Structures are given as structure tokens and as C-alpha cells.
Amino acid sequence: WRPSGSVITCTQRFPQKYDTIFFERNGLRHGEFSFRSDCSVGQLEWNSASDLLAILIKENDKTSIQIWHMNNWHWYLKQEFRFDKENSGDEVLGFHWDEEDSMKLVCILASGEIRQYLFHWD
């Protein structure tokens, strides 16, 4: 659930694409955006302010975290962090939004490194 309680988020795989879908409390589908079919979604998480959605994407030996923002039910990719296991030797295992600072994202890498990202948009 989105912390504000307005929608629930899930994913659905189709032959040609991978969708992130949003449902209202009454069960009606309300919005979506797509990824390529050759990837998978490992994790979805809203920040505590309900304005940013982080998604862990896995593709072969690559992982990425995408930060999405919605305005008038249109989704915008605000930031993407890419990790390549083959070249950099690292991949994202998971992440979590800070509960007190809604703009801080904490990521855990396979090497044991913990990275914190603090976002600020005008």
C-alpha cells in the first residue's frame, strides 16, 4: 500500500512487457507504467511521504534502482542508479526508505557496502 492509503502497487508480466500497476481502494485499476520484458522487478517500496516509488530492477548481471514520481496520474522517472556485477563487481540486494527522512534511500550492496542517497528537488 502507498502510505497515504490511496493505492496498492503490484507488478504483472506480459509476453512483451512488465507492468507496474496501481489499484484504488475500491479495486479499480488506476494507472500503470511498463518495463521491458527481459527484466524482473525485485522490490517495490514507497517513501513515507507517498510521493516517491523506488523499484529494484534485475536484468541478467545488472541491477538498478529507479525512483519514480507521479503528478496528475502521469509517472516520471526521476533518478536511476545502475549497478553492473560484471564490470563493477557489485549489485543491489535491497533497499529501504528512511522512515523519518522521506527523501533518504538506504541501499545494501552484495559487497556489504551500505549506500545512502538523499534526494532534493525544487
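Placed above this text is the structure.
Numbers given to residues run from 1 along each chain, matching the order in which its sequence is written. Local features are withheld for residues below a pLDDT of 70 in this predicted model, meaning they are given only at 70 or higher, and side-chain atom pairs are given and counted only at 80 or more; totals for whole chains, interfaces and linings count all residues. Note: side-chain values were computed over all heavy atoms of the structure, leaving out hydrogens and water.

## Structural notes on the overall build of the protein chain
On a plain count of helices and strands, the protein chain comes out with zero helices and 10 strands. Secondary structure elements are defined from DSSP: runs of H or I of at least 4 residues count as helices, runs of E of at least 2 residues count as strands, and each element is numbered from the N terminus. Starting at the N terminus and ending at the C terminus, the protein chain contains elements arranged as β-β-β-β-β-β-β-β-β-β. Each radius of gyration reported is based on C-alpha atoms, and the globular scaling rule is 2.2 Å times the count of residues to the power 0.38. Relative to its length of 122 residues, the protein chain is compact, with a C-alpha radius of gyration of 15 Å against a globular reference of 14 Å. Taking the principal axes of the C-alpha coordinates as reference, the protein chain spans close to 45 × 40 × 25 Å. Buried means the residue's accessible area, taken with a 1.4 Å probe over protein chains only, is under 20% of the maximum for its type, while exposed means over 50%, and partly exposed covers the values in between. Put simply, the protein chain has 122 residues, and 39% of those count as buried. By sequence separation, contacts in the protein chain at least 24 residues apart represent 29% of the contacts at least 6 residues apart. The method behind every accessible area is Shrake-Rupley, applied with a 1.4 Å probe, and residues are considered shielded solely by the protein chains displayed. Total accessible area computed for the protein chain in this model is approximately 7300 Å², and 45% of it derives from carbon and sulfur atoms. The charge count treats Lys and Arg as positive and Asp and Glu as negative. His and the chain ends do not count. Here the site of a charge means NZ on Lys, CZ on Arg, CG on Asp, or CD on Glu. A gap of 5 Å separates the mean positions of the 13 positive and 19 negative side-chain charges of the protein chain. A contact between two residues is defined here by any heavy atoms of the two lying within 4.5 Å.

## A closer look at the sheet that holds strand β2 (residues 17-24)
The antiparallel open sheet is built from three strands, whose spatial order is β1-β2-β3. Each of the sheet's edge strands pairs with one partner strand only, and the pair in question is β1 (7-13) and β3 (29-36). In this sheet, neighbouring strand axes are inclined to one another by 20° on average, regardless of whether the strands run parallel or antiparallel. Being paired, for any two strands, means DSSP has found at least two bridges between them. Lines fitted to C-alpha atoms define the axes, with helix axes restricted to the stretch in contact, and inter-axis angles between N-to-C directions lie between 0 and 180 degrees.

## Structural notes on the pattern of salt bridges
Take a side-chain nitrogen of Lys or Arg and a carboxyl oxygen of Asp or Glu: if they are within 4 Å of each other, that pair is a salt bridge. A full pass over the atoms with the stated rule returns five salt bridges. A salt bridge links Arg 29 to Asp 19, with the nearest nitrogen and oxygen atoms 3.9 Å apart. With Arg 29 in strand β3 and Asp 19 in strand β2, this residue pair connects regions lying 10 residues apart in the sequence. Taking the relative accessible area as the measure of exposure, Asp 19 reaches 0% and is therefore buried. Among the ionic pairs, Arg 29 bridges to Glu 32, the shortest N-O distance being 2.5 Å. For Glu 32, a relative accessible area of 34% puts it in the partly exposed group. A cluster of three or more residues bridged by salt bridges with shared partners is formed by Lys 17, Asp 19, Arg 29 and Glu 32.

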